[in-house]
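Structural overview for review
The primary structure of each chain is shown beneath.
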Amino acid sequence: MNLYLRYFDREALVQNVDQAIDFLASIPEIGMNEDLEADIRDYVASDVYYPKRYKVRQRVYFIIIKTTAETMMDFKQKKAVRPVPAMEKQNIAASTVTRLTEQVPGWYEGELDFKRVVLIPSTGKHEYRDTHFAVQCKANSGQDCYNRIVEHLRGRVDSRSQFPSAKGKNFHFRYLGMWK
């Protein structure tokens with residue numbers, strides 16, 4: 001794994017963290033110190049592949065990018081870009097949907113964050129408020145749990161309230177066990 005470093009028009013492609021620290025130490029504005037060096041070593045040792053940005057002063061940064069490029073030309077032509085595996089994204093999405101629709105009768109704990117329409121008494125107008133709702137209910141699947149929650153809320157809140165998708169980040173459920 002090589003490292004690409006850039007600070008304004010100064011850039012380098014180095015093969016290890018020691019060369020990267022030497023390059024950064026050669027730039028006086030960066031002010032290399034033990035904490036910065038330790039943080040760079042931690043970033044390089046981690047499994048994170050996102051570029052890392054370090055603040056030098058207000059609105060001034062240098063960046064470090066992990067790459068498999070052997071030369072600067074390869075890096076510039078994006079020949080060594082690490083592709084985000086499409087299969088991983090599909091597997092994550094598929095597993096979420098599969099888990100949601102998996103038929104396991106029992107008790108579920110469901111949590112839903114939705115936009116609730118409420119009346120403001122002082123002005124007589126309505127506004128959306130973020131509302132958190134949690135419940136334990138009998139259901140046959142995560143989707144059934146979601147449907148029961150939304151059905152319950154639709155009869156108790158303003159019809160203009162907005163409910164998120166069961167597949168989104170605003171609905172969470174947990175299987176508690178079989179009912180008796």
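Located above this text is the structure these notes cover.
Description of the overall build of the chain
Helix and strand content of the chain: 5 helices and 7 strands. Along the chain, helices and strands appear, N-terminal first, in the series β-β-α-α-β-β-α-α-β-β-α-β. Taken against the 2.2 N^0.38 rule, which gives 16 Å for 180 residues, the C-alpha radius of gyration of the chain at 26 Å runs more than 25% over that of a compact globule. Projected onto its principal axes, the C-alpha positions of the chain cover 65 × 45 × 30 Å. Once local pairs closer than 6 in sequence are excluded, the contacts in the chain between residues at least 24 apart make up 54%. Entry remark: accessible area of the chain is about 12400 Å², with carbon and sulfur atoms responsible for 50%. Averaging the coordinates of the 28 positive side-chain charges in the chain and doing the same for the 23 negative ones gives two points 9 Å apart.

As for the nonpolar core
Across soluble globular proteins, you tend to see nonpolar side chains buried next to one another. In terms of nonpolar packing, the biggest core is built from 19 residues, with Leu5, Leu24, Ile30, Ile40, Tyr54, Phe62 and Ile64 touching the most fellow members. Elements with a minimum of two residues in this core: β1 (2–7), β2 (10–14), α1 (17–25), α2 (34–45) and β4 (60–67). The element that contributes the greatest number of residues to this core is α1, accounting for 5 residues. Filtering out sequence-adjacent residues up to four positions away, Ile64 remains in contact with Leu3, Tyr4, Leu5, Ile40, Tyr43, Pro51, Lys52 and Tyr54. If you look at the next biggest cluster of nonpolar residues, it comprises 16 residues, including Tyr108, Phe163, Ala166 and Phe173.

Structural notes on α2
Each full turn of the α-helix corresponds to 3.6 residues, which orients residues three or four apart in the same direction. The terminal C-alpha atoms of α2 lie 16 Å apart, and with 12 residues this matches the ideal 16 Å at 1.5 Å per residue to within 8%. Contacts from the buried residues of α2 go to α1, β3 (52–57) and β4. For α2, the side-chain oxygen to backbone nitrogen distance between the N-cap and Asp35 is 3.2 Å, and the N-cap itself is Asn33.

Details of α1
By the burial criterion, the buried members of α1 are Val17, Ala20, Ile21, Phe23 and Leu24. All buried residues of α1 lie within an arc of 160° about the axis, which places them on one face of the element. On its buried face, α1 is in contact with β1, β2, α2 and β4. Regarding α1, its N-cap is Asn16, as a side-chain oxygen of that residue lies 3.2 Å from the backbone nitrogen of Asp18 further along.

A look at the pairing of β3
Sheet topology note: the β3/β4 ladder contains 5 bridges and is antiparallel. Its bridge partner lying in β4, Arg57 is registered against Val60. Between β3 and β4, which pair antiparallel in sequence order, lie 2 residues; one of them, Arg59, sits at a positive phi of approximately 60°.

Some points on the sheet that holds strand β7 (residues 171–177)
Sheet architecture is open: 3 strands sit in the order β6-β5-β7, paired in antiparallel fashion. Of all strands in the sheet, those with a lone pairing partner are β6 (125–139) and β7, marking the two edges. Strand-to-strand twist in this sheet, taken as the mean axis angle between neighbours without regard to direction, amounts to 25°. Across 6 bridges, the pairing between strand β5 (residues 106–120) and β7 is antiparallel. Counted as the bridge partner of Gly110 is Phe173 from β7.

Analysis parameters
Residues numbered from 1 in each chain as written. Predicted model: local features only at pLDDT ≥ 70, side-chain atom pairs only at ≥ 80, totals over all residues. Heavy atoms only, no water. Helix = DSSP H or I, 4+ residues; strand = E, 2+ residues; numbered from the N terminus. Rg over C-alpha atoms; globule rule 2.2 N^0.38 Å. Contact = heavy atoms within 4.5 Å. Areas by Shrake-Rupley, 256 points an atom, 1.4 Å probe, with all protein chains shown as cover. Lys, Arg positive; Asp, Glu negative; His and termini not counted. Charge placed at Lys NZ, Arg CZ, Asp CG, Glu CD. Core = buried A, V, L, I, M, F, W, Y, C linked by side-chain atoms within 4.5 Å. Buried < 20%, exposed > 50% of the residue type's maximum accessible area, 1.4 Å probe, protein only. Expected span 1.5 Å × (residues − 1). Polar contact = N/O pair within 3.5 Å; in protein donor to acceptor, adjacent residues only side chain to side chain. Arc of directions from axis to C-beta. Pairing = 2+ DSSP bridges. Axes fitted to C-alpha atoms, helices over the stretch in contact; angles between N-to-C directions.

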